[in-house]
Amino acid sequence: MATKRRERRYKLKSEINVVPYIDVMLVLLIIFMVTTPMMNSSVDVQLPQADAKSLQQKKDPVLVSVLQDGQLYLTLSGAKKELVDEDTLKLKVGAFVRENPEVSVLVGGDERGAYGGVFKVLADLQQAGVAKVGLMGQPGQSKDQGKSTSNGRK
C-alpha cells in the first residue's frame with residue numbers, strides 16, 4: 001500500500017500552468033504602453049533635402065506662393081504674380097482648373113513661415129476642386145559638395 005501512495009504523490013502532470021506567462025505579458029504590455037509616448041516627446045525634426053529630379057510639365061503650372069507673413073501670390077500659366085486673398089485664390093484656381101483639368105497646381109512656402117499657412121492653402125485648394133497638388137522645393141546638395149555655414153542649406 002505504501003507503494004501506491006508513492007505513485008500517486010509522484011505522478012507527473014501533463015498540463016502547463018500559463019498564469020505566470022500571462023502575468024509577465026501584462027506587465028510588459030503596460031511597460032511598453034507607458035514608455036512608447038515618452039520616446040517621441042522631444043524629437044527635433046530636420047527634414048532632409050532631396051536630390052530628386054524636377055518633373056516635366058506639358059503646360060505652365062499654376063503656382064501659389066505663401067510668404068513668411070502669410071501673404072498669398074498666385075501665378076496662372078506663366079502670367080505675372082498677383083497678390084490674392086483666400087477667397088480670390090479659391091475662385092480663380094477653381095475656375096482655371098475646371099477649364100484646364102490637366103494643369104498642375106504647385107504650392108511653395110517660405111521655409112521661415114509657419115506650416116499652418118501652407119496647410120490652409122492646401123485645404124483651400126481642395127475646397128476649390130483641385131484634386132492633385134504638388135509642393136515645390138529647392139534641390140538638395142549633392143554628396144560631393146561641402147556644407148555651407150547655414151545649417152547645410154544654401
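All values derive from a computational prediction rather than experimental measurement.

1. Here's the deal with the overall build of the protein
And step 1. Counting its regular elements, the protein contains four helices and five strands.
And step 2. The order of α-helices and β-strands along the protein, N terminus first, is α-α-β-β-β-α-β-α-β.
And step 3. Within the protein, buried positions represent 19% of all 154 residues.
And step 4. Sequence separation of at least 24 residues holds for 53% of the intrachain contacts in the protein that already meet a minimum separation of 6.
And step 5. Total accessible area on the protein is roughly 13400 Å²; 56% of this is exposed by carbon and sulfur atoms.

2. Regarding helix H3 (residues 86-99)
And step 1. The end-to-end C-alpha separation of H3 is 20 Å, in line with the 20 Å expected for 14 residues at 1.5 Å each.
And step 2. Buried within H3 are the following residues: Leu89, Val93, Gly94, Phe96 and Val97.
And step 3. Contact partners of the buried residues in H3: strand S1 (62-66), strand S2 (72-75), strand S3 (82-84), strand S4 (105-109) and helix H4 (115-127).

3. So, H4
And step 1. The terminal C-alpha atoms of H4, which comprises 13 residues, lie 19 Å apart, in line with the 18 Å expected from a rise of 1.5 Å per residue.
And step 2. By the burial criterion, the buried members of H4 are Val118, Val121, Asp124 and Leu125. Buried residues of H4, seen end-on, are gathered within an arc of 120° and therefore sit on one face of the element. Exposed side chains of H4 directed beyond 90 degrees from the buried face belong to Tyr115, Phe119, Gln126 and Gln127.
And step 3. Residues of H4 that are buried make contact with S1, S2, H3, S4 and strand S5 (133-135).
And step 4. Of the residues one or two after H4, Gly129 is the one with positive phi, at around 100°.

4. Here we look at a nonpolar patch on the surface
And step 1. Together, Ile16, Val18, Tyr21, Ile22, Met25, Leu26, Leu29 and Met33 make up a nonpolar patch on the protein surface, roughly 850 Å² of accessible area in all.
And step 2. With respect to the secondary-structure elements, Met25 resides in helix H2 (residues 19-39).

5. Some remarks on the nonpolar core
And step 1. By size, the foremost hydrophobic cluster in this structure holds 18 residues, and its most contacted members are Val62, Leu74, Leu89, Val93, Val107, Val121 and Leu125.
And step 2. Where this core is concerned, the elements lending two or more residues are S1, S2, H3, S4 and H4.
And step 3. With four residues, the single largest contributor to this core is H3.
And step 4. Among residues more than four places away in sequence, those in contact with Val107 are Val64, Val66, Val118, Val121, Leu122, Leu125, Val133, Gly134, Leu135 and Met136.

6. Section: the pairing of S1
And step 1. Counting buried positions along S1 yields four of five residues, so the element is predominantly enclosed.
And step 2. When S1 meets S4, the two strands line up parallel, connected through five bridges. Within S4, the position partnered with Val64 by the bridge is Val107.
And step 3. Across four bridges, the pairing between S1 and S2 is antiparallel. For Val66, the partnering residue across the bridge sits in S2 and is Leu72.
And step 4. If you look at the hairpin formed by S1 and S2, you'll find five residues sitting between the two strands, and Gly70 has a positive phi there, around 95°.

What counts, and where the lines are drawn
- Residues numbered from 1 in each chain as written.
- Predicted model: local features only at pLDDT ≥ 70, side-chain atom pairs only at ≥ 80, totals over all residues.
- Heavy atoms only, no water.
- Helix = DSSP H or I, 4+ residues; strand = E, 2+ residues; numbered from the N terminus.
- Buried < 20%, exposed > 50% of the residue type's maximum accessible area, 1.4 Å probe, protein only.
- Contact = heavy atoms within 4.5 Å.
- Areas by Shrake-Rupley, 256 points an atom, 1.4 Å probe, with all protein chains shown as cover.
- Expected span 1.5 Å × (residues − 1).
- Arc of directions from axis to C-beta.
- Patch = residues over 30% accessible without salt bridge, like charges linked within 9 Å, V, L, I, M, F, W, Y side chains within 5 Å.
- Salt bridge = Lys/Arg side-chain N within 4 Å of Asp/Glu carboxyl O.
- Core = buried A, V, L, I, M, F, W, Y, C linked by side-chain atoms within 4.5 Å.
- Pairing = 2+ DSSP bridges.

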